[in-house]
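Here are the chains, one letter per residue:
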Amino acid sequence: MDLLALRLSFVLAGLTTAALLVIGLPIAHWLSTTRWRWKVLVEATVALPLVLPPTVLGFYLLVSFGPRSPLGRAFTAATGHTLAFSFEGLLLASILYSLPFAVQPFAAALARVDRRLVEAAHGLGASPLRTFFVVSLPLALPGIVAGAVLTFAHTLGEFGVVLMVGGNVPGSTRTLSISVFDAVEQLDYATAGRTSLVLLAVSFAVLVVTYTLQHRSLLA
Amino acid sequence: MRPDARRAGPSLAFDLERHFRDGPVVRAALEVPLDAEPVTVLFGPSGSGKTTVLRCLAGLDRPERGFIRFRDETWFDAATRGFVPPQRRGVGLLFQEYALFPHLSVAANIGFGLARAPRAERNARVLEVARFLRIEELLDRRPARISGGQRQRVALARSLAPRPRLLLLDEPLSALDGPTREELRGELRSLLEHSGIPSLVVTHDRVEALALGDRLAVLAEGSVRQVGPVHEVFSAPADLVVARVVGTENVAPASIVSRDAGLALVRVGTAQLLALDPGGLHDEAFACIRAEEVVLETAPGTPTSARNELTAEVRTVSPEGPLVRVTLDCGFRLVTLVTRRSADRLALAPGSRAVALVKASAIRLVPRAS
C-alpha cells in the first residue's frame, strides 16, 4: 500500500478542512443573515463545484495557475516553483472544490439558530461578532462539525481535480485516489484493493459520524 | 423638531410607521412619561402590531417612517436616517417565549449583558438580581431544566441585570399555564414596581393589562386610539373601536373591606359589593363586572340568589343594536346591557329608579400588588 499517498491525502484533507472553517464560516454566516437581493449569485457561485465536472474546474484552475496568469507568476516569483503540480496548488484547488461541502451545511446550521436568541444577545449589548461566537456558533456546532467532517471526506476522495492540477508527484501531489488509479493501470490489483479498502472504511466511518451528529442536532 | 410634542418631564416618545410587504401597515404614536407611573400597557388584539412597535423600540426592526425619542436622545429618525443600534439603547427586552440561551447556565444567561464588567462585579450583580427574583438556587441549571414560571423570572433577571433604562415586555405571561400565570401576575407587578425601571408591557389579555398597568394605550386598526389610566379606558372607551377591543366591561377601583370563607367584601365608590375572593388580595384591586351580566328590576322584590342588590338611578339609556345600554349610578358608575323589550317593560329612562342585581360570582376581582 502507498503509505506516502495515504499520509499526503490526510494532510491535504486536514488543511483543506481547516482552511474552509476559516473561509467558509464567514461566508455561511453572511449567507444566513444577509437580505441582499443578489445573494443567490453568491449561493450559486459557492455551489458551482457541485455541478461542474472536476475536469472543467481543474482546467480553469490549471490555466489560472499557469505562468501566463498573474496568480501563477506571483507564486513562482515568491517561491521559485510553479503553482501547478505542487502541493500548494493542490491545496488551493481542494479548497475551491470542497467549498459547497463546507459552506452549505454551515449556512444551514446557522440559519437554524433561533433568530430571537441572536436578537436577545444584541439587546443585551453583545456585538454581532460576540453574538456569533457566544450564541450562534455553539448552537450550530453539530451542523458545523458535520460540514467539516464532510469536507474532510470529500477532499480525501477527490480525483479529477487532483489529476488536472496536481499530476502525480509522489509525496507532494500523489493522493490516495491517484494511487489507486495508478495501481490499476499497472494491473497491481492487490495494492489497489488495499488502498481502496482504506478509503472505503474511512468514508463509511465519516458518514456514520456525520449522520449521528445530524440526528443529534435535530433532537436537541 | 416638534417641540410641541415634548412634555415637561423625561419621556419615551414615538410616532412610527412600519410597512410589511403584502401585509398591514402598523402605525403607532405614543408618549410614555418616564418619571410618573412605572408601567404602561400597550393593549390591542392580536395582529394589531403591538410586537412590531416593541421591536422597533428595541432597535430590532427599523420603521419606514417616523421617529423614536428617549429622553433627549433620538433613537430613530426616518428623516435624518438616524438609527441607534439595539446594543446602545440600554433597553431590556423580555421576549414572549423568553429566548433564554439554551446552551448557557442560568447564571451565564443572567450575566450575559454584563460582559464588560469585571468578573467579580458581574458575579455579584448576578447574585443580587437572582436574590431579588428568588432564583438563587437555579443558577447552575440549564434553562431546559427549570419550569415555565422560573424561566420567566430568569428572563426578567437577564433583562434587569445590566440596569436598563427601559423595560419592554412582550406578552410576559402568555407562555405560562393557567395556574402559574395567576400566581405570577400579581408578583410581576410588584417586581416591575420595585425594579424602579419604567416599563412598557404589550398584551392582549385584559386581566393582564389590569393587573400590571398604570396607564393603558389601546392599539387597534393601525393606530393608538386611546391613552389613559387603565380602569378609565376600560370603563369609558373613547370610541366604538376601543369599545370592541376592550369589551363591555365595568372596571372600577375597589378596596378590600373584609374577607371571609372564599368571599371578599369590597368597597367600590360608595357601594359595597360581595365578590369571589380570587386569592392574593391586598388592599387594592379592580372590580370587573360584564355589562351583560347585570340584571335590572324596577323595585326590590322576590328574593333572588344574587348577593348584590344595588339601588340605582338611571343616567342614560341608549339603543345599541338589539340591546340597550343603560348607565346607572349606584354609588359608582355601572354600565349594563339589556334587551329592548326589557328596557321597555321596565320603562327605563334617565332619572328613573332601578335595582341592579349582580351575582357575587359575576364580579371578578383583579388584585393589584403594591
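Anything mentioned here points back to the structure above.
Here's what I pulled together on the structure shown here. (Residues numbered from 1 in each chain as written. Chains lettered and ligands numbered in written order. Predicted model: local features only at pLDDT ≥ 70, side-chain atom pairs only at ≥ 80, totals over all residues. Heavy atoms only, no water.)

A separate point is the overall build of chain A. Regarding its fold elements, chain A presents 10 helices and zero strands. Counting from the amino terminus, helix and strand elements in chain A follow one another as α-α-α-α-α-α-α-α-α-α. Along the longest, intermediate and shortest principal axes, the C-alpha atoms of chain A span 65 × 40 × 30 Å. Of the contacts made within chain A by residues no fewer than 6 positions apart, 71% connect residues no fewer than 24 positions apart. Within the structure as shown, chain A displays about 11200 Å² of accessible surface, and the carbon and sulfur contribution to it stands at 72%. In chain A, the 13 positive side-chain charges and the 9 negative ones have mean positions that sit 12 Å from each other. (Helix = DSSP H or I, 4+ residues; strand = E, 2+ residues; numbered from the N terminus. Contact = heavy atoms within 4.5 Å. Areas by Shrake-Rupley, 256 points an atom, 1.4 Å probe, with all protein chains shown as cover. Lys, Arg positive; Asp, Glu negative; His and termini not counted. Charge placed at Lys NZ, Arg CZ, Asp CG, Glu CD.)

It is worth spelling out the interface of chain B and chain A at this point. On the chain A side, the residues contacting the 18 residues of chain B number 17 residues. Summed over both partners, the interface of chain B with chain A comes to about 1600 Å²; 67% of that surface belongs to carbon and sulfur atoms. When residues of chain B are sorted by the area they lose upon contact with chain A, Gln87(B), His103(B) and Phe112(B) head the list and together hold 37% of the total. Our count for the chain B to chain A interface comes out at one salt bridge. Residue Arg55(B) pairs with Glu119(A) through a salt bridge whose shortest N-O separation is 2.6 Å. The tally of links between chain B and chain A comes to four residue pairs in polar contact (both at pLDDT 80 or more). (Buried area = accessible area lost by both parts, 1.4 Å probe. Salt bridge = Lys/Arg side-chain N within 4 Å of Asp/Glu carboxyl O. Polar contact = N/O pair within 3.5 Å; in protein donor to acceptor, adjacent residues only side chain to side chain.)

Residues and elements named next belong to chain B. Pairing is antiparallel across the open sheet formed by five strands, whose spatial order is 14-13-12-15-21. The open sheet has two edge strands, strand 14 (271-276) and strand 21 (363-367), and neither has a second partner. The average undirected angle you get between the axes of adjacent strands in this sheet is 40 degrees. (Pairing = 2+ DSSP bridges. Axes fitted to C-alpha atoms, helices over the stretch in contact; angles between N-to-C directions.)

All names here are of chain B. Under the definition given, this model contains 22 salt bridges over all chains. Residues Arg134 and Glu187 are paired through a salt bridge, measuring 3.5 Å at the closest nitrogen-oxygen approach. Here Arg134 is found in the loop between helix 3 (119-132) and helix 4 (148-160), whereas its partner Glu187 is found in helix 5 (residues 178-195), with 53 residues between them in sequence. Look at Glu187 and you get buried, because its relative accessible area is 18%. (Buried < 20%, exposed > 50% of the residue type's maximum accessible area, 1.4 Å probe, protein only.)

Tracing the chain through its elements places Arg125(B) in helix 3. A distance of 2.8 Å separates the side chain of Arg125(B) from the backbone oxygen of Ala161(B), its partner in a polar contact.

One pass over the full model with this rule turns up eight aromatic pairs over all chains. Judged by centre distance (5.8 Å) and plane angle (55 degrees), the rings of Phe10(A) and Phe152(A) are tilted. Placement of Phe10(A) in helix 1 (residues 3-33) and of Phe152(A) in helix 7 (residues 128-156) is noted, with a sequence separation of 142 residues between them. Above the plane of the ring of Phe83(B) lies Arg62(B), whose end atom (NZ or CZ) is 3.8 Å from the centre. A cation over an aromatic ring shows up here: Arg69(B) above the ring of Phe67(B), its NZ or CZ 4.2 Å from the ring centre. (Phe/Tyr/Trp six-rings, centres within 6.5 Å; stacked < 30°, edge-to-face > 60°. Lys NZ or Arg CZ within 6 Å of the ring centre and 35° of its normal.)

In this section: the pairing of strand 11 (residues 223-229) of chain B. Residue and element names in this part refer to chain B. Two strands pair when backbone bridges link them, and strand 10 (residues 215-220) and strand 11 are joined in this way by six bridges, in the antiparallel orientation. From the neighbouring strand, Ala217 faces strand 11, where its bridge partner is Val227. From the end of strand 10 to the start of strand 11, which pair antiparallel, there are two residues, and Glu221 there has a positive phi angle of about 50 degrees.

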